Amino acid sequence: MSLPALFDRLRLPVIGSPLFIISGPDLVIAQCKAGIVGSFPALNARPQGLLDEWLHRITEELAAWNRDNPDRPAAPYAVNQIVHKSNDRLEADLATCAKWQVPITITSLGAREDLNAAVHGWGGITLHDIIDDRFARKAIEKGADGLIAVAAGAGGHAGRLSPFALIQEIRQWFTGPLALSGSIANGGAVLAAQAMGADLAYIGSAFIATDEANADAAYKQSIVDSKASDIVYSNLFTGVHGNYLRSSIAAAGLDPDNLPEGDLKTMNFGGDNGSKAKAWRDIWGSGQGIGAVTAIESVAVRVDRLEKEYQAALARIAPVHAAASA
C-alpha cells in the first residue's frame, strides 16, 4: 500500500473531515499548517462566488507558510463535493476548483466518471466516501483514486458496519489509498486504523471543539460534555442515516428516543440557504468518539496531542511486537 506523493508532507496520517457549516478557511488553514489534511464542503461557501475567495485565501496563506517554513511545509487541502442530483452548484463549484487546481477532491453521495476525469485533468486526486464494499467497488470502477470507509460511529452521515469488517473486505481487492472514518478522536485510534489496513484516519468531531471551527459555542461545549451514549442514529433530518448529539435533538423539541423515520426523497443539497442547512445548524452532528475530547482548544494544540498519543501508542505496542517476533 502506498500513498500519492502529495501525502508525504503529512505530520500525521490524518485527514480532517469536511464538516458542513463548520469547516471554513480558518479551520482548513490551521489543519494544513499543523500537518494534517484540512478539508471543507464546497457548499459551505455561500453564495457560490465565495468559493473562489476561500480557495484564493487558502492557496495564498499556505504558499506563504511554505515559504517561511521550508522545513515544515503545510499539508495539502481537500474540497468535498456532494454529487447528489439535488446539488445544483456542482458544475460551477468544479469549475472554481479547476481554476485553483485543488489537490484533493472528496466526493460524497454519488460517484461520477466525468467528475473524476475532470479532477485528474487538473492534476488532482479523488477520494470517495463509501459505507460498504459494494459502493467501494463502484467508486473505483468509476475512476476514484481512493476511498474513505465511513464505518459505524462516524459523525454526520454514517454507515452501519464495524470498521474491522469494512476495512477487511475492501483490502481483499483494493490496494490504493484508504482512509477510515468512525469514532477516531485520539492518536491511539489513528494507529489502530493503520494497523487494520487503512492508510489514513479521517477525523471530524474532535475538530468541532476547536477555536478555529465555525461552530456555535454551545455546540463545541456539547462535544466536550458528551460521550458515545449521547449520540443518536437517525435518518429523520436529511433522509440518510447519521449520528447526532442527543442534546441538540432535545433542544429542538423532539424526543431523541422516539424519532420518526425520514424520507430519502426529501434529501436536498441545493445551492440556496434552505431547510437542510437549517436542520444541520440546529441539529448537531457528531461521531461516537467524542468521549476522548475533553477541552476546546486550538487546532495546533489538538494535533500536538494527537501526535503525542500516536507516538505513545507506538511505544506501547513495540515491546509486544518484539516479543511476538522473538
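Our structure is the block above this text.
Here the structure is a predicted model, which means the values were calculated and not measured.

Rules behind the numbers
Residues numbered from 1 in each chain as written. Predicted model: local features only at pLDDT ≥ 70, side-chain atom pairs only at ≥ 80, totals over all residues. Heavy atoms only, no water. Helix = DSSP H or I, 4+ residues; strand = E, 2+ residues; numbered from the N terminus. Rg over C-alpha atoms; globule rule 2.2 N^0.38 Å. Buried < 20%, exposed > 50% of the residue type's maximum accessible area, 1.4 Å probe, protein only. Contact = heavy atoms within 4.5 Å. Areas by Shrake-Rupley, 256 points an atom, 1.4 Å probe, with all protein chains shown as cover. Lys, Arg positive; Asp, Glu negative; His and termini not counted. Charge placed at Lys NZ, Arg CZ, Asp CG, Glu CD. Pairing = 2+ DSSP bridges. Polar contact = N/O pair within 3.5 Å; in protein donor to acceptor, adjacent residues only side chain to side chain. Salt bridge = Lys/Arg side-chain N within 4 Å of Asp/Glu carboxyl O.

Chemist: Describe the overall build of the protein chain, with residues and values.
Modeler: Along the backbone of the protein chain there are eleven helices and eleven strands. For the protein chain, the C-alpha radius of gyration of 19 Å lies close to 20 Å, the compact-globule estimate for 326 residues. A burial count over the protein chain gives 53% of its 326 residues as buried. Residue pairs at least 24 apart in sequence account for 65% of intrachain contacts in the protein chain once pairs closer than 6 positions are excluded. Roughly 14000 Å² of accessible area belongs to the protein chain as shown, and the carbon and sulfur atoms make up 53% of that amount. Seen as two clouds, the 28 positive and the 35 negative side-chain charges of the protein chain have centres 1 Å apart.

Chemist: I'd love a proper account of the sheet that holds strand S11 (residues 242-245), names of residues and values included.
Modeler: The strand order S7-S11-S10 describes an open sheet built from three strands, whose pairing is antiparallel. Strands at the two margins of the open sheet, each flanked by one partner only, are strand S7 (156-157) and strand S10 (231-234). Across four bridges, S10 lies against S11 in antiparallel orientation. The residue bridging Val232 from the neighbouring strand is Tyr244, located in S11.

Chemist: Lay out helix H8 (residues 217-225) with the relevant residues and their values.
Modeler: By the burial criterion, the buried members of H8 are Tyr219, Lys220, Ser222, Ile223 and Val224. Structurally, the start of H8 carries an N-cap: the backbone nitrogen of Ala218 is 2.7 Å from a side-chain oxygen of Asp216.

Chemist: Give me the lowdown on the pattern of salt bridges, citing residues and values where you can.
Modeler: In this structure the tally under the stated criterion is 13 salt bridges. Its salt-bridge partner being Arg112, residue Glu91 comes within 2.9 Å of it at the nearest N-O pair. Pair noted here: Glu91 is in helix H3 (residues 90-100) and Arg112 is in the loop between strand S4 (104-108) and helix H4 (113-121), with a separation of 21 residues, a long-range link. The class for Arg112 is partly exposed, based on a relative accessible area of 26%.

Chemist: Let's hear about the side chain of Ser108: which residues, and what values?
Modeler: Assignment of secondary structure puts Ser108 in strand S4. With relative accessibility at 7%, the residue Ser108 sits in the buried group.

Function cannot be inferred from these measures alone, as they are strictly geometric.
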